[in-house]
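So you can see what is in the structure, the chains are spelled out below.
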Amino acid sequence: MSSNDPHAVPPADPAPGPGGGARPPGRRARWLGTGVALLAVALLCGGAWWLVQRSKAPEGGAGFPAAGGPGGPGGPARPAGPGAGAGGGRAMVTVGDATVRTLRLPVAIEALGTVTPVITVTLRPQVSGMLTQVLFTEGQMVRKGQVLAQIDPRPFEQALMQAEGTRRRDEAQLENARITLERYRTLLSQDSIARQDVDTQAALVKQLEGTVMTDRAQERTARLNLGYTQVTAPAAGRIGLRAVDAGNYVTTGDTAGIATITQTAPIDVEFTVTQDRVADVQTAAAEAGTGGLAVVAKDRTRAQELGRGRFSTLDNLVDTATGTVKAKARFSNADGRMFPNQFVNVRLELRELEALVVPVTAVRTGANGDFVYVINEDRTVTLRKVRRGQSTVEWAAIAEGLRAGERVVTEGGDRLRDGARVQLQGDAAPGAQPGASVRRGRASGASWPAGTPGAAGEGGGHRRHGPRAGAEGASAPVAGAPGGAASAPAGTAPAASTASSARP
């Protein structure tokens, strides 16, 4: 039968190949599979290109087709929110703004400091002995001269008694020697004794006087050691944890001692100043006079102020390893909020400088240096280079590039380019409540009935536009709509109008 016969019976499936397997597909099947694969790849590439073009063109921009799509004939319009430009142009960015103004900006040095007590004393025993009593509570405030511990005094009492007895014995011998010397001198005047005996007796008197003096010194030493058995506070302050308990034998060589006393009121803070700012600190300190420069101490997170004090002094040399000079400030610390060895953030205020300032968030840094976005009258922004001066945590001084009264972008600048159009956070869409967006009705002509979520008076104050003018007739204002802006179906106009006019 001819192959061109339309009624020809299709040939049977190819016979199985050797080993019972199917024959390889024919040329037609291979071309069909290749075509399907190429078509799938083309569809994927086209979809990827469409997604890239859509991401480049903002919503409502010029990169989307109008017919049949959102916002075009035959479909609902896109929301004309605060981000939409005039006439469906590039989307506007909502930004925060601030006005350039003049302030007295404090010129200060900020550094990391360490709280150091004015006095730190390790309470060590001055005599060795058994510790019988501990008369303080850990962490309490002690006064100078307060008895804090007691060492067994009995051995020292015996030593004192022995020294006192020796002194009295030697004093008696000295008194007897003096009387004998006076007798010898009387006999010498009567030529009844040799002069040598008088000189020997005089030498004995002087020897005994030296012995008595030594005895008195030993007695005072014994009395002093007896007094040392009562361990007293050498300075006022806060006492720390005790290092030894009662019942232990303590010696004068104990490095840990019994406890440590630190004076916390007043208290000092040590910090460093770079060698380039030493001259500024000295000049400002000289101008401040006896009042001194103000110093503020804050905690590690800079969230809480710990105290205000006065600058004390600078060290007398520069640390060659760091290029800094140590400085010290004193704080009253009456409330005890600053603790010894605590790390604090120190702010040394040198003077005040009048300058144009903007919030710190308004100044940005690019490849060509610092710049800001200036907001023009037509709500476009201009990139302007500036020269930054002294800064604080909140404000940045602008030495060059801005004028007082200009408005700059503080938030949202990462999404801007030179010449972009912006919308301020305080701006609202025309005819809408503050913070509400403007939405359009269905393009097919159907109106938004009263009470529908999102209609006028509901859904956060959104407004819907009425249907287009068509064969069904004109629309009328609906009662309850702000200013009669909403629409209602034809035939309800008289009632709605009457209800609307009755409202105040």
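Numbers given for residues are sequential positions, taken from 1 along each chain in its written order. Per-residue local features are limited, in this predicted model, to residues with pLDDT of at least 70; the limit for side-chain atom pairs, both in listing and counting, is 80 or more; totals at the level of whole chains, interfaces and linings are taken over all residues. To get the side-chain values, all heavy atoms of the structure are used, and hydrogens and water are removed first.

Here we take up the overall build of the protein chain. Scanning the protein chain from N- to C-terminus turns up five helices and 24 strands. Note on exposure labels: buried denotes an accessible area under 20% of the residue type's maximum, exposed denotes more than 50%, and partly exposed covers the range between, all computed with a 1.4 Å probe on protein chains only. A total of 504 residues make up the protein chain; the buried ones form 30% of that total. A fraction of 69% describes how many contacts in the protein chain between residues 6 or more apart in sequence connect residues 24 or more apart. Accessibility throughout is a Shrake-Rupley quantity obtained with a 1.4 Å probe, and a residue counts as covered only by protein chains that appear here. Summing over all exposed atoms, the protein chain offers an accessible surface of approximately 31,200 Å²; the carbon and sulfur share of this is 53%. A run of DSSP states H or I qualifies as a helix once it reaches four residues; a run of E qualifies as a strand once it reaches two. Both are numbered from the N-terminal end. Residue contacts follow a heavy-atom distance rule, with two residues in contact if any of their heavy atoms lie within 4.5 Å.

Moving on, we come to the side chain of Glu 406. By secondary structure assignment, the location of Glu 406 is in the loop between strand S20 (395–400) and strand S21 (407–411). Residue class for Glu 406 comes out buried when judged on its relative accessible area of 12%. A polar side-chain atom of Glu 406 sits 2.9 Å from a polar atom in the side chain of Arg 384. The definition of a polar contact used here is a pair of N or O atoms within 3.5 Å, where within protein one atom must be able to donate a hydrogen and the other to accept one, and adjacent residues in sequence count solely through side-chain atom pairs. Here Arg 403 takes part through its backbone nitrogen, which lies 3.0 Å from a polar atom of the side chain of Glu 406.

Attention now goes to the sheet that holds strand S9 (residues 249–250). A pair of strands counts as paired when DSSP detects no fewer than two bridges linking them. Taken in spatial order, the four strands make up an open sheet running S7-S6-S4-S9, and their pairing is antiparallel. Each end of this open sheet is capped by a strand with a single partner; those strands are strand S7 (230–232) and S9. Both strand S4 (residues 129–134) and S9 contribute to a ladder of two bridges, which runs antiparallel. Note that in S9 the partner of Gly 129 across the bridge is Val 250.

Turning next to the nonpolar core. Membership of the largest hydrophobic core comes to 25 residues, with the highest contact counts inside it found for Phe 271, Val 281, Phe 311, Leu 314, Phe 331, Met 338 and Leu 348. The set of elements that each furnish at least two residues to this core consists of strand S2 (101–117), strand S11 (267–274), helix H4 (278–288), strand S12 (294–298), strand S13 (305–314), strand S14 (324–331) and strand S15 (343–359). Residues contacting Met 338, with those up to four places away along its chain left out, are Val 115, Ile 267, Val 269, Ala 297, Leu 306, Phe 331 and Asn 333. Here, nonpolar core refers to any group of buried Ala, Val, Leu, Ile, Met, Phe, Trp, Tyr and Cys residues whose side-chain atoms link them within 4.5 Å. Within the second largest apolar cluster, 17 residues are counted, among which are Leu 148, Ile 151, Ala 233 and Ile 258.

Turning our attention to H4. Burial in H4 covers these residues: Val 278, Val 281 and Ala 284. Taken down its axis, H4 places every buried residue within 135° of arc, on the same side. With respect to the buried face of H4, the exposed residues turned more than 90 degrees away are Ala 286 and Glu 287. Contact partners of the buried residues in H4: S2, S11, S13, S14 and S15. One or two steps after H4, the chain reaches Gly 289, where phi turns positive at roughly 75°. Read the arc as the range of directions from the helix axis to the C-beta atoms.

Direction of pairing for strand S1 (residues 93–99) relative to S21: antiparallel, over a ladder of four bridges. Note on S21: the bridge partner recorded for Thr 99 is Arg 407. As judged from the two bridges shared by strand S17 (residues 369–375) and S21, these two strands associate in the antiparallel manner. From the neighbouring strand, Val 374 faces S21, where its bridge partner is Val 408.

Each residue gets a pLDDT score, which is the predictor's confidence in that residue and runs from 0 to 100. Mean pLDDT over the protein chain works out to 77, with 72% of the residues at or above the 70 mark. The spread of mean pLDDT over the elements of the protein chain runs between helix H5 (residues 493–502), the lowest at 36, and strand S6 (residues 147–151), the highest at 95.

By rolling a water-sized probe across the atoms, one finds the places where empty space is left. Put simply, the grid is 1 Å and covers the protein atoms alone, a cavity is a trapped set of points that fit a 1.4 Å probe, a pocket is an open set with protein on both sides within 12 Å along at least five of seven lines, and lining residues have an atom within 4 Å of a point. Grid points are joined across faces, edges and corners, and a volume is the space filled by probe spheres set on the points. Reported here for the second largest pocket is a volume of approximately 280 Å³. Together, 13 residues line the second largest pocket, and Glu 110, Lys 298, Arg 347, Thr 392 and Val 393 are the ones closest to its centre. Sorting the residues of the lining of the second largest pocket by element identifies S2, S12 and S15 as the ones contributing at least two each. Residues are grouped as follows: Ala, Val, Leu, Ile, Met, Phe, Trp, Tyr, Cys and Pro are nonpolar; Asp, Glu, Lys and Arg are charged; all remaining types, including Gly, are polar. Looking at side-chain class alone, the lining of the second largest pocket contains six nonpolar, two polar and five charged residues.

Further remarks concern the sheet that holds strand S8 (residues 237–239). Spatially, the four strands line up as an open sheet ordered S3-S10-S8-S5, and their pairing is antiparallel. Looking at which strands have only one partner, the edges of the open sheet turn out to be strand S3 (120–123) and strand S5 (141–142). Here two bridges tie S8 to strand S10 (residues 259–262), and the two strands are oriented antiparallel to one another. Across the sheet, the residue bridging to Ile 239 is Ile 261, located in S10.

What follows deals with the pattern of salt bridges. Every case where a carboxyl oxygen of Asp or Glu lies within 4 Å of a side-chain nitrogen of Lys or Arg is listed as a salt bridge. Scanning the entire structure with this criterion turns up 23 salt bridges. A salt bridge links Arg 104 to Glu 354; the nearest nitrogen and oxygen atoms lie 3.9 Å apart. In this pair, Arg 104 sits in strand S2 while Glu 354 sits in strand S15, placing the two residues 250 residues apart along the sequence. Looking at Arg 104, the relative accessible area reads 51%, which means it is exposed. The shortest N-O distance in the salt bridge between Arg 308 and Glu 305 comes to 3.1 Å. By relative accessible area, Arg 308 is classed as exposed at 53%. Take Glu 305: its relative accessible area is 33%, and that puts it in the partly exposed class. Connected via shared salt-bridge partners are Arg 167, Glu 171, Arg 216, Glu 219 and Arg 223.

This part covers helix H3 (residues 195–228). Between the first and last C-alpha of H3 there are 50 Å, a value that for 34 residues agrees with the 50 Å anticipated at 1.5 Å per step. Buried within H3 are the following residues: Val 198, Gln 201, Val 205, Leu 208, Val 212, Asp 215, Glu 219 and Ala 222. On its buried face, H3 sits against helix H2 (154–189). The span you would expect from a helix comes to 1.5 Å times its residue count less one.

What follows concerns a nonpolar patch on the surface. Patch definition: residues with relative accessible area over 30% and no salt bridge; like charges joined within 9 Å; nonpolar side chains (Val, Leu, Ile, Met, Phe, Trp, Tyr) joined within 5 Å. Taken together, the side chains of Trp 49, Trp 50 and Leu 51 define a hydrophobic patch exposed on the protein surface, amounting to about 380 Å² of accessible area. Mapped onto the fold, Leu 51 is located in helix H1 (residues 27–56).

With that settled, the discussion passes to the packing of H2 against H3. For any two helices packed against each other, the geometry comes down to the angle between their axes and how far apart the axes lie. Where helices are involved, their axes are fitted lines through C-alpha atoms of the stretch in contact, as for all axes, and angles between N-to-C directions lie from 0 to 180°. Running from amino to carboxyl end, H2 crosses H3 at an angle of 160°, the nearest separation of the two axes being 8 Å. The pairing of H2 with H3 is recorded here as roughly antiparallel in orientation. At the point where H2 passes H3, the crossing takes the left-handed sense. Partitioning the contact of H2 with H3 into residue classes produces 17 nonpolar, seven polar and 14 charged. In this scheme, roughly parallel covers angles under 35 degrees and roughly antiparallel covers those over 145, while 65 to 115 is roughly perpendicular and the rest are oblique. For any pair of crossing helices, the crossing counts as left-handed if the nearer helix is rotated counterclockwise from the farther one by less than a right angle, and right-handed if it is rotated clockwise.

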